[in-house]
Amino acid sequence: MALLLSATRSQPLCFLGCRGDGLFPSSFRFGFDRRFGNGKKTRHVGSPPPSVASPTMCDQKRDHLSDPNLKILRLAREKFTQEISFRSEDKDLSPAKALLLVAAEDEAFLSFNRDMDACSLLSERKGATGQFKALSEVTDVEDISLAGKTIPGWLKELDVIAAEVKAELISREIGCHLLEVLEAVNVVLFDSRGFRRFPVLVDSKFSYLHTVLSYGCGSAIMFSIIYIEVCRRLGVTVVGSRVGEDFLIWPLSGNLVELFRSASGHSLFATINGRCVKDPRSKASELDSGSLLRLDIATNRDIIGIALANLIRLHWKRASKANHGLMLTSPLRPVHPGKDKANMGETSLPLLRPQELRLAIMASERLLILQPDNWTLRRNHGLLLYYSRRYVEAVQELSICMAFAPEEEAEILEPFVEKLHLLRLLSSWECLDQADSVPVS
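Residues numbered from 1 in each chain as written. Predicted model: local features only at pLDDT ≥ 70, side-chain atom pairs only at ≥ 80, totals over all residues. Heavy atoms only, no water.

As annotated in an unreviewed UniProt entry, the protein chain carries the name Protein SirB1 N-terminal domain-containing protein and is attributed to Ensete ventricosum.

Student: So, the nonpolar core: which residues are in play, and what are the values?
Tutor: Counting residues in hydrophobic clusters, the biggest one holds 113 residues, and the most contacted among them are Tyr227, Tyr386 and Leu420. With residues near it in sequence (within four places) discarded, Leu420 still touches Tyr386, Tyr391, Ala394, Val395 and Leu398. (Core = buried A, V, L, I, M, F, W, Y, C linked by side-chain atoms within 4.5 Å. Buried < 20%, exposed > 50% of the residue type's maximum accessible area, 1.4 Å probe, protein only. Contact = heavy atoms within 4.5 Å.)

Student: Tell me about helix α14 (residues 391–404), and name the residues and values.
Tutor: Between its terminal C-alpha atoms α14 stretches 20 Å, which fits the 20 Å expected from 14 residues at 1.5 Å a residue. Extensive coverage of α14 is indicated by the burial of 10 of its 14 residues. For α14, the full list of buried residues reads Tyr391, Val392, Glu393, Ala394, Val395, Glu397, Leu398, Ser399, Cys401 and Met402. (Helix = DSSP H or I, 4+ residues; strand = E, 2+ residues; numbered from the N terminus. Expected span 1.5 Å × (residues − 1).)

Student: Tell me about the packing of helix α8 (residues 220–233) against helix α11 (residues 300–319), and name the residues and values.
Tutor: One can describe the packing of α8 onto α11 by two numbers: an axis separation of 10 Å at closest approach and a directional angle of 155°. Overall, the two elements α8 and α11 adopt an arrangement that is roughly antiparallel. Of the two elements, α8 crosses α11, and the hand of that crossing is left-handed. The segment α8 lies against α11, with Ile221, Met222, Ile225 and Ile228 engaging Ile303, Ile306, Ala307 and Asn310. Looking at the contact of α8 with α11 residue by residue, the classes come out as seven nonpolar, one polar and no charged. (Axes fitted to C-alpha atoms, helices over the stretch in contact; angles between N-to-C directions. Parallel < 35°, antiparallel > 145°, perpendicular 65-115°, else oblique. Left-handed = near helix turned anticlockwise from the far one by under 90°. Nonpolar A, V, L, I, M, F, W, Y, C, P; charged D, E, K, R; others polar.)

Student: If you had to explain a negative patch on the surface to someone new, which residues and values would you point to?
Tutor: A cluster of acidic residues, Glu407, Glu408, Glu411 and Glu414, forms a negative patch on the protein surface. Within the secondary structure, Glu408 is located in helix α15 (residues 407–437). (Patch = residues over 30% accessible without salt bridge, like charges linked within 9 Å, V, L, I, M, F, W, Y side chains within 5 Å. Areas by Shrake-Rupley, 256 points an atom, 1.4 Å probe, with all protein chains shown as cover. Salt bridge = Lys/Arg side-chain N within 4 Å of Asp/Glu carboxyl O. Lys, Arg positive; Asp, Glu negative; His and termini not counted. Charge placed at Lys NZ, Arg CZ, Asp CG, Glu CD.)

Student: I'd like to hear about the environment of Leu352, residue by residue, with values.
Tutor: Structurally, Leu352 can be placed in the loop between α11 and α12 (354–370). You can call Leu352 buried: its relative accessible area is 11%. Along the chain, Leu352 and Ala319 lie 33 residues apart, while their C-alpha atoms are 5.2 Å from each other. Each residue touching Leu352, except ones within four places of it in the same chain, is listed here: Trp316, Ala319, Ser320, Asn323, Leu326, Leu357 and Tyr387.

Student: Outline the packing of aromatic side chains, listing residues and values.
Tutor: Applying the stated rule across the entire model yields 10 aromatic pairs. Taking 5.0 Å as the distance between ring centres and 75° as the angle between the ring planes, the aromatic pair formed by Tyr386 and Phe416 counts as edge-to-face. Taken as a pair, Tyr386 in helix α13 (residues 375–387) and Phe416 in helix α15 lie far apart in primary sequence, 30 residues in all. Among the residues examined, Tyr386 registers a relative accessible area of 4% and is labelled buried. An aromatic cluster is built from Trp316, Tyr386, Tyr387, Tyr391 and Phe416, whose rings are joined through pairwise contacts. Sitting over the ring of Trp154, Lys149 keeps its end group 4.6 Å from the ring centre. The ring of Tyr215 has Lys205 sitting right over it, with the charged end atom 5.3 Å from the ring centre. (Phe/Tyr/Trp six-rings, centres within 6.5 Å; stacked < 30°, edge-to-face > 60°. Lys NZ or Arg CZ within 6 Å of the ring centre and 35° of its normal.)

Student: A description of helix α6 (residues 178–192) should follow, citing residues and the corresponding values.
Tutor: Helix length check: α6, at 15 residues, gives a terminal C-alpha distance of 20 Å against a target of 21 Å (1.5 Å per residue), a fit within 8%. Turning to α6, its buried residues are Leu179, Val181, Leu182, Ala184, Val185, Asn186, Val188 and Leu189. Packing partners of the buried residues in α6 comprise α5 (151–171), α8, β8 (246–251) and α9 (268–273).

Student: How would you sum up the pattern of salt bridges? Please name residues and give values.
Tutor: Under the defined criterion, the tally for this structure stands at 18 salt bridges. Between Asp92 and Lys91 there is a salt bridge, with the nearest N and O atoms lying 3.3 Å from each other. Across the pair, exposure class does not vary: Asp92 and Lys91 are exposed alike. Each of Arg77, Glu105, Asp106, Glu365 and Arg366 takes part in one network of salt bridges that share partners.

Laid out in structure tokens, this is it:
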């Protein structure tokens with residue numbers, strides 16, 4: 001293990017001089033290594049195109065070090081890390097705020113890439129001029145704008161929904177019995193605002209909280225978070241648990257039987273949790289009031305982790321769309337293990353969408369901040385870095401993973417980490433060969 005870790009001392013040159021310590025980590029490394037102390041920069045085979053990696057190419061000479069999008073990236077990541085710090089009590093965590101910070105960072109990353117693409121387009125057109133929309137200076141995370149609202153503004157939207165529920169209760173002249181409050185919440189969310197879940201989510205934008213609040217539709221976990229947050233503002237505690245592939249929520253009550261009583265063909269539990277409750281293929285269809293009591297209730301950290309895991313899965317699916325059936329762990333189990341090292345020089349990675357892959361890596365980084373001791377998450381993060389051809393970082397993450405993983409898993413990882421060492425050396429030699437072949441004028 002010491003040998004594996006010692007081979008990772010050569011760290012890549014970080015974009016914007018950011019650190020690789022987990023607080024503001026590798027999502028801002030754009031594939032440049034400074035090797036052998038010769039001061040030359042070489043671009044990885046899988047690095048983003050120049051429109052993403054080279055902000056200075058624009059004729060307007062924008063100073064990328066002071067780009068507001070990059071400042072938002074830094075602020076959002078630092079604030080997210082502070083929010084989920086293990087110094088914080090779980091009850092004090094706000095999944096809504098944490099996930100709005102996730103959305104702010106990803107939106108800033110996409111906005112930065114769009115600006116760089118526009119820069120590239122302008123540089124390709126001789127004599128062309130263009131103006132970038134000036135972004136206001138952001139000095140605090142509270143100033144970050146998402147689709148026209150600040151993060152406090154989106155949190156205020158949850159307050160507005162809770163106020164609409166209170167108005168619904170007053171208009172119906174009913175008391176504050178738990179079931180009546182839940183029915184009023186359902187009326188506001190499903191009838192007045194038209195909220196609905198996507199049973200199968202294809203577009204990752206509907207896994208961001210502000211988008212779900214804007215459009216009224218999204219993933220089940222995002223809808224569950226909205227439901228929990230609205231009920232909390234009404235003084236009702238709603239909890240949740242992962243059941244198979246579904247995340248189910250219910251009120252914390254001593255009489256759960258009432259949730260399963262059918263009215264107009266639907267139980268309150270089914271109305272809250274959607275179609276999965278009646279789907280015989282889902283484990284949720286097997287639940288009753290007794291089995292709910294035996295489920296492990298998810299903490300706020302768990303809920304944030306589930307949302308981030310969904311983001312990783314969605315971005316990976318979109319990144320690997322051209323490679324049907326490609327799994328994140330596919331490289332660990334080669335079809336011909338005996339020939340794997342012999343064919344090392346012929347190794348070719350599948351073509352992946354770089355932007356989606358980088359978004360998956362960013363979500364994985366946040367999940368590791370949340371659960372740093374989870375060896376499975378660290379293994380998956382190392383594999384994402386491998387697909388991104390960031391071999392030095394992949395070796396580092398997978399070597400750490402091997403220290404925590406069960407013995408049988410470590411035995412699977414060991415030959416793959418050795419392969420990554422060789423790939424790193426091969427990529428270095430290829431870069432040197434390319435540099436030597438360029439004639440000096």
